[in-house]
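# A look at the structure
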Amino acid sequence: MAPRISLTLDTTHASELAEFWKFALGYVDEPPPAPFKTRQEWVASFDLPDDDGDGAWLIDPDGVGPRLSLLDVPEPKTAKNRLHVDLKVGGSWAHVTAEAERLTGAGASVLRVDQGHHIVMADPEGNEFCLC
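Conventions adopted
- Residues numbered from 1 in each chain as written.
- Predicted model: local features only at pLDDT ≥ 70, side-chain atom pairs only at ≥ 80, totals over all residues.
- Heavy atoms only, no water.
- 1 Å grid on protein atoms, 1.4 Å probe; cavity = no way out; pocket = protein on both sides within 12 Å on 5 of 7 lines; lining within 4 Å.
- Points joined across faces, edges and corners; volume = space filled by probe spheres on them.
- Helix = DSSP H or I, 4+ residues; strand = E, 2+ residues; numbered from the N terminus.
- Nonpolar A, V, L, I, M, F, W, Y, C, P; charged D, E, K, R; others polar.
- Buried < 20%, exposed > 50% of the residue type's maximum accessible area, 1.4 Å probe, protein only.
- Pairing = 2+ DSSP bridges.
- Contact = heavy atoms within 4.5 Å.
- Axes fitted to C-alpha atoms, helices over the stretch in contact; angles between N-to-C directions.
- Phe/Tyr/Trp six-rings, centres within 6.5 Å; stacked < 30°, edge-to-face > 60°.
- Lys NZ or Arg CZ within 6 Å of the ring centre and 35° of its normal.

Below, the discussion takes up the layout of surface pockets. One number sums up the size of the second largest pocket: a volume of about 400 Å³. Together, 18 residues line the second largest pocket, and T8, L9, D10, N81 and N127 are the ones closest to its centre. At 5 residues, the largest contribution of residues to the lining of the second largest pocket is made by strand β1 (residues 6-11). Classifying every residue of the lining of the second largest pocket by side-chain character gives 6 nonpolar, 6 polar and 6 charged.

In structure tokens, the structure reads:
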């Protein structure tokens, strides 16, 4: 069996950034693993320090895309991502620019436009991704 891919983003406000990525990808909150009834109950089972930070776990409701974990870390983002997400919008360049406008309205920013090919954007915490 091939391993499943799960992408993890370091964040400063996991719960808030999760709302952006749910909006961008159409993802939903991942249910807690059995036998836990809530995600908080699951996290508490690890006996982590109280100041360990927040986390959010998202999944594609259709089960096609990779899982996305967002975990608070103490250090700030300092450089360009070595790995980034490409959101393949499909359709025409007009579809790509319309999606860029939709995501900008949700807090993303446009970093660079490669006309007719892709748009480099950043989520509300500065993590780069491309629309193509």
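This paragraph deals with the pairing of strand β8 (residues 128-131). Burial of β8 is two-sided: the residues E128 and C130 facing one way and the residues F129 and L131 facing the other way are all buried. Here strand β5 (residues 85-87) runs beside β8; their pairing, made up of 3 bridges, is parallel. Note that in β8 the partner of V85 across the bridge is F129. Sheet analysis places strand β7 (residues 118-122) next to β8, joined by 4 bridges and oriented antiparallel.

Spatially, β1-β4-β3-β2 is the arrangement adopted by the 4 strands of the open sheet, whose pairing is mixed. Among the strands making up the open sheet, the edge pair consists of β1 and β2 (28-29). Note: strand β3 (residues 55-59) against strand β4 (residues 67-72), 4 bridges, orientation antiparallel. Each residue of the ladder has a partner; that of W57, found in β4, is S69. Each of β1, β2, β3 and β4 touches helix α1 (residues 14-25); the most contacted strand, β4, lies at about 155 degrees to it.

This paragraph deals with the sheet that holds β5. Strand order in the open sheet made by the 4 strands is β5-β8-β7-β6, with mixed pairing throughout. Of all strands in the sheet, those with a lone pairing partner are β5 and β6 (109-114), marking the two edges. Neighbour-to-neighbour, the strand axes of this sheet turn through a mean angle of 25 degrees, independent of strand direction. Where β6 lies against β7, 5 bridges are found, and the strand directions are antiparallel. Along β7, the bridge assignment pairs R112 with V120. Seen against the sheet, helix α3 (residues 93-105) touches β5, β6, β7 and β8 and runs at an angle of roughly 10 degrees to β7.

The subject of this paragraph is the packing of aromatic side chains. One pass over the full model with this rule turns up 4 aromatic pairs. Measuring from ring centre to ring centre gives 5.2 Å for F20 and W21, while their planes differ by 85 degrees; the resulting arrangement is edge-to-face. One exposure class covers both F20 and W21, and it is buried. Centre to centre, the rings of W21 and F129 are 5.2 Å apart; their planes meet at 70 degrees, and the pair counts as edge-to-face. Residue W21 is located in helix α1, and its partner F129 is located in strand β8; the two are separated by 108 residues in the primary sequence. In this structure, W21 and F129 share a single accessibility class: buried. Grouped by ring-pair contacts, the aromatic residues F20, W21 and F129 constitute a single cluster. When the ring centre of F23 is taken as origin, the NZ or CZ atom of R102, which lies over that ring, is 4.2 Å away.

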